[in-house]
Every structure is written in C-alpha cells, then in structure tokens.
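Commentary on secondary and tertiary structure
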Amino acid sequence: MKWAYIEDIADFKDQEVELRGWVYNKRSGGKIRFLLIRDGTGMIQGTIYSEDKDHPLFQAFDQLTQESSLIVRGVVKEDKRAPGGFELGITDMEIIQTAQEYPITPKEHGIPFLMEHRHLWLRSQKQRAILQIRAELTKAIRDFFDNRGFRNLDTPILTPSACEGTTTLFETEYFDQKAYLSQSGQLYNEATAMAFGKVYCFGPTFRAEKSKTRKHLIEFWMVEPEVAFANLQDITDLAEDLIVSIVARILETRKTELDILERETSPLERVKKPFHRMKYGEILPDLKKKGSKIDWGDDFGAPEETILSEIYDSPVCITHFPAKIKAFYMQPDEENPDEVLGVDVFASEGYGELIGGGQRIHDLGLLEKRVKEHKLPRDAYEWYLDLRKYGSVPHSGFGLGLERTLSWICKIKHIREAIPFPRLLYKIYP
RNA sequence: UCCUCGGUAGCUCAAUCGGCAGAGCGGGUGGCUGUUAACCACUAGGUUGUAGGUUCGAGUCCUACCCGAGGAGCCA
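Reading the values: rules and limits
Residues numbered from 1 in each chain as written. Chains lettered and ligands numbered in written order. Predicted model: local features only at pLDDT ≥ 70, side-chain atom pairs only at ≥ 80, totals over all residues. Heavy atoms only, no water. Domains from an automatic or database assignment. Salt bridge = Lys/Arg side-chain N within 4 Å of Asp/Glu carboxyl O. Buried < 20%, exposed > 50% of the residue type's maximum accessible area, 1.4 Å probe, protein only. Core = buried A, V, L, I, M, F, W, Y, C linked by side-chain atoms within 4.5 Å. Helix = DSSP H or I, 4+ residues; strand = E, 2+ residues; numbered from the N terminus. Contact = heavy atoms within 4.5 Å. Pairing = 2+ DSSP bridges. Axes fitted to C-alpha atoms, helices over the stretch in contact; angles between N-to-C directions. Parallel < 35°, antiparallel > 145°, perpendicular 65-115°, else oblique. Left-handed = near helix turned anticlockwise from the far one by under 90°. Nonpolar A, V, L, I, M, F, W, Y, C, P; charged D, E, K, R; others polar. Near = heavy atom within 4 Å. Polar contact = N/O pair within 3.5 Å; in protein donor to acceptor, adjacent residues only side chain to side chain. Arc of directions from axis to C-beta. Phe/Tyr/Trp six-rings, centres within 6.5 Å; stacked < 30°, edge-to-face > 60°.

1. Focus on the domain arrangement of chain A
Many structure descriptions define interface size as the accessible area lost when the parts assemble. Domain parsing of chain A yields domain 1 (6-97) and domain 2 (118-418). Centre-to-centre separation of domain 1 and domain 2, based on C-alpha positions: 46 Å.

See the structure below:
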C-alpha cells in the first residue's frame, strides 16, 4: 500500500493509503471513534466505525494516547464534516509506540512551561506554522540573492577579535589563543566582495548582551549582502527589493500558515516600493511631535520605533545617522561629516529594526584614523586595512535579522517563537 | 545590569479579614452513531519555590535567597 503524506491527501481521494504519524487527539462516540492524526505535513481525521463493541480496531484505539506514534491504513474519503475536508476510513492500525502522558495537553499553558518543553511545543499547530514560514523565508532570501548573481560565501563563526568592538562577545578557547563567536560576518564579507563583486553570508550570530526583550535573541540568524562599488542609494534599493520580494513570496506560498496564525495580511500587502525614505535629521521633528524625547545624536530606542510605526503603516528607511552612534567603518557624508551613510529599515506595526547597514569607509587613511579613535587593536585589523590598500572601492552592505523579520511577518508577540530552539538571556535549555 | 509583577495538583488557575487547600483540563474506570480544545458520571492526585521569622493558628504577614515573566538600556 502506498505511503502518503497528509499534505497530498487530496490526490488520493477514494484510494487506499498508508499514513505514518502521531495521535494529535481522539474522540469517541459509542460505535464510532475519531482519531486526529498528524504526520508533520498536516492533519487528518481518521474514523473507525463498528457495531461490534470489542472490534480489534476499537481495542487498539482505546490504547492510544496523545502523541503515540502509529501507522494507519484506510480509504481517503471526502467529507465536509471532517476538519480539512478529507478523512480516512481506518481499516488497519499499527501502534509503533504508546506515548506516556504527554505534557502539552490541548488546553492552555503558560510560557515558562512551554519554553521548558520547547522540543515538544514544536509539534503544535501555531509553532509549526511559524517555523514553516521560517523555512520558506530562508529559501526566499537565498533565491533573491542567488537570482541576482550574488555568491553565497560563508564567513567564520570563530573569530580572533570583535567585528565592531562595541557589543559583548562570547569568548572561547582556540587552542592556546582566545577566540570569539561571530557577531557579524560583515568584515569578512568585505573581503569576499572584493573577490566576487556581489556576495552574501547567511548564518548564526552571537551577542552576549544582557538584553531581555521580545526583540532579542542571544543566538540569531542574519543574512548579510555586501556589494563592491555600491553606494548608499544602491544598497537602500537592494534592501527594499529584498523585503518586497520575501514578503510577496510568503503571501504567495504560505497563506495557510498565515491563516493558522490569524495574521491579517493587509499590512503585508502594503509592502511595496518605494518605501518612505528619510534622513535621521528629517524624522526627528516628527518623532518629537509624537512625544519622543530624542535629541540629535541619540540613537532610536523602543519608543522611537513604536512612534515610527504609528506614523507609517509600511516599512521605513532612515539614513544619515549621527556618526557617533554608528560603527567605526561607516562612511561619513561628504557634505556633512558628522553624519554617516548608513541605512536602517524599520518594520511596520512596531516590530522595529529589520535591517542595519550602509556604505563602508574605503579610504585607508580615514579607516586607520577610525580604528585608532575606537581604540581597536590595529594588528587584528591589519587584514581589513589591506582591503583599502589593494584596489579599494566604495562598497556597501547590510544585515537583515531573520527572526525579527519572521516575527513581523507572522505578527508574533515574542521573537523566541521565531526560531526552533531560542537562546535567551541565561536560558539555554532545551 | 536596573525597574515591576509572579511561584498553590502533571497543566491552567481559585482560595474573602490570617481560620478545614479547591475547580477545570490531563490520567484511570464506565457510558454515548458524526465528534470538532467533544460530552456525561465516578475516581486517584498536594512538603503551597527554598530557608528562617511573627502568630494560638501562615498559601495569605515579615526578611533573605532561588526561579520565572513583563519592561528598559544595547542591538538585527
């Protein structure tokens, strides 16, 4: 008999199939029994009917507990009464393992309990929907860059020094040296961009910051493109195109999952080019008008991100930040050296910063000066300075946080649900 | 790191002024021909986060600690 997956069940109407999966829930009614089976691709209701109270299938059914694993065989029937529109008339059942009392019952649970059982929570409908969209999002991002001729070149996770020298890094041993977990692939991207023109890296990054908010993970995934000869304008266009492209893909292919999450799609449908683009200095008066206490030179905080999404109902690009709040490698604006050619993209609906990036310093002298000003160990950056000695060109790039983007697309309350196993402040189990 | 709130059955929660520790779900037993987080009846299940203190008496009040949640700063 053919082993089928539930997501393809419509193709097997009136045919006999074998399904392999787990018990999601069961209900019984005297001479009829209902079994909700999930197989990782979907869910279907199986039915057993008999006049005989002691029918072997009833006996097997009665043994089943939530999340027991089993193989069932039967005929696929279309039935409007069944969730999903199809059901399986079970003719044969093989129990693989009878699950012990399953902790996550089909009732409400609290966050601490669910987090403690994250390895099981992943089986729930909403968690599956979020992570299904995550998988599609990753694919959409790769497709976007691959289709534009970008080369995917991985950057190291173990690094000899800080990329930006600001945020706290995880330190580890590297034989007789110290090493740090990467917090960005950018500096290495700049090297590969000089070798390949257009590159991107896509991998995990680590921040040892003691952040405890719904927008922060200790370990998160980031895609970082870097383009030789690109300026701020070019890279802002790229950032817009990327976001428009991935949102469109999710709307097109993951409607079912967005429905499971009860995600209203109209804010996503509004994600079209061009985005609102403003200089930092231009947006300040609007922020202040709405109650922000920000002054020129302050970085955006949570209140500013909230206000931005109150003013605009789609993503916004902010450029030309004060130099002192940005990283050492940011290219200053020629007309106004206190400002740098950086761009941040803020999501709508209060989800905050999705993208941070901009144009990098390509002048050797200026970069050397910045390294000194930021008190960075010059010998660790020697290779990075080399990139400015041998055919230096203006170049730009950015980083997009995968989990933040996913949180926004799914409109979930907390970023911890946007990754299978979140690493949170002081929390590394399971 | 700071601020706020919380910890009672496997889970979600209740317990009046300090006065016998309870319900729903889940488990077990039985019932029901179409259930949709099924339903109905019965049943088992407790070191009230830990340590100390006040009191005739503490889940409740006080002190310290542990754990968790929400928020801030920093960032993607």
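2. Focus: the pattern of salt bridges
Throughout the structure, instances matching the rule amount to 37 salt bridges. Linking Arg81 and Asp79 is a salt bridge whose minimum nitrogen-to-oxygen distance equals 3.1 Å. The exposure class of Arg81 is exposed, given its relative accessible area of 74%. The exposure class of Asp79 is buried, given its relative accessible area of 15%. The partner of Arg254 in a salt bridge is Glu257, with the nearest N and O atoms 3.4 Å apart. Residue classification places Glu257 among the buried residues on the basis of a relative accessible area of 10%. Sharing partners across several salt bridges, the network here consists of Arg148, Asp237, Glu240, Asp241, Lys273 and Arg277.

3. What about the nonpolar core?
By size, the foremost hydrophobic cluster in this structure holds 58 residues, and its most contacted members are Ile141, Phe145, Ile243, Trp408 and Ile409. Here this core takes 10 residues from helix α6 (residues 232-253), the largest share from any one element. With residues near it in sequence (within four places) discarded, Ile141 still touches Phe202, Val223, Ile246, Leu400 and Leu402.

4. Regarding helix α10 (residues 302-311)
What α10 keeps buried is the set Glu304, Glu305, Ile307, Leu308 and Ser309. Those residues of α10 that are buried are in contact with α9 (280-289), β13 (316-322), β14 (339-346) and β15 (353-360).

5. A few points about the sheet that holds strand β10 (residues 198-206)
Sheet architecture is open: eight strands sit in the order β6-β10-β11-β16-β15-β14-β13-β12, paired in mixed fashion. Each end of this open sheet is capped by a strand with a single partner; those strands are β6 (151-152) and β12 (276-279). By the bridge criterion, four bridges tie β12 to β13 in an arrangement that is parallel. Counted as the bridge partner of Lys279 is Thr319 from β13. In the packing of α9 onto the sheet, the strands contacted are β12 and β13, and the crossing angle to β12 comes to about 100°.

6. With respect to the packing of α6 against helix α13 (residues 402-410)
With their axes 12 Å apart at the nearest point, α6 and α13 run at an angle of 50° to one another. By the angle between their directions, the pair α6 and α13 is classed as oblique. At the point where α6 passes α13, the crossing takes the right-handed sense. Counting all contacts with α6, which are made through Ile243, Ile246, Val247 and Ile250, the residues of α13 involved are Thr405, Trp408 and Ile409. A per-class count over the contact of α6 with α13 returns six nonpolar, one polar and no charged.

7. Observations regarding the protein's contact with RNA strand B
Taken together, the neighbourhood of RNA strand B is formed by 54 residues, with Asn25, Tyr49, Pro106, Arg214 and Arg404 sitting nearest. Residue Ser28 places a main-chain N or O atom 2.4 Å away from a base nitrogen belonging to RNA strand B. Take Arg207: an N or O atom from its side chain is 2.5 Å from a sugar or linking oxygen of RNA strand B. For the surface near RNA strand B, the secondary structure elements donating two or more residues are β1 (16-29), β2 (32-38), β3 (43-49), α2 (111-116), β11 (219-228), α10 and β15. The residue makeup of the surface near RNA strand B, split by class, is 17 nonpolar, 15 polar and 22 charged.

8. Digging into unusual backbone geometry
Here the amide bond leading from Lys273 into Pro274 is cis, since omega sits at -10°, within 30 degrees of zero. Relative to the assigned elements, Pro274 resides in the loop between α8 (266-269) and β12. The peptide bond linking Tyr429 to Pro430 adopts the cis configuration, its omega dihedral lying at -5°. Tracing the backbone through its elements, the reader meets Pro430 in the segment after α13. Even without glycine at this site, Glu67 takes up a positive phi of about 75°. Overall, the relative accessible area of 7% leaves Glu67 in the buried class. Positive phi, normally seen in glycine, also occurs at Phe175, with a value near 55°. Relative to the elements of secondary structure, Phe175 occurs in the loop between β8 (171-174) and β9 (177-181).

9. Notes on the pairing of β8
Relative to β9, β8 runs antiparallel, the two being bridged by four bridges. Following the sheet pairing, Tyr174 is matched in β9 by Gln177. Joining the antiparallel neighbours β8 and β9 is a turn of two residues, in which Phe175 adopts a positive phi near 55°.

10. Side note on helix α1 (residues 56-63)
Burial in α1 covers these residues: Leu57, Phe58, Ala60 and Phe61. In a view along the axis of α1, the buried residues occupy a sector of 160°, so they form one face of it. Tucked into the core, α1 has its buried residues touching β1, β2, β3 and β5 (86-97).

11. Focus on the packing of aromatic side chains
Scanning the entire structure with this criterion turns up 16 aromatic pairs. Considering the side-chain rings of Phe145 and Phe150, the 5.0 Å spacing of their centres and the 65° angle between planes classify their relative orientation as edge-to-face. Exposure remark for Phe145: the relative accessible area of 0% places this residue in the buried category. With 5.8 Å between their ring centres and 70° between their planes, Trp383 and Tyr384 make a pair best called edge-to-face. A residue is classified by how much of its surface remains accessible, and Tyr384, at 0% relative accessible area, is buried.

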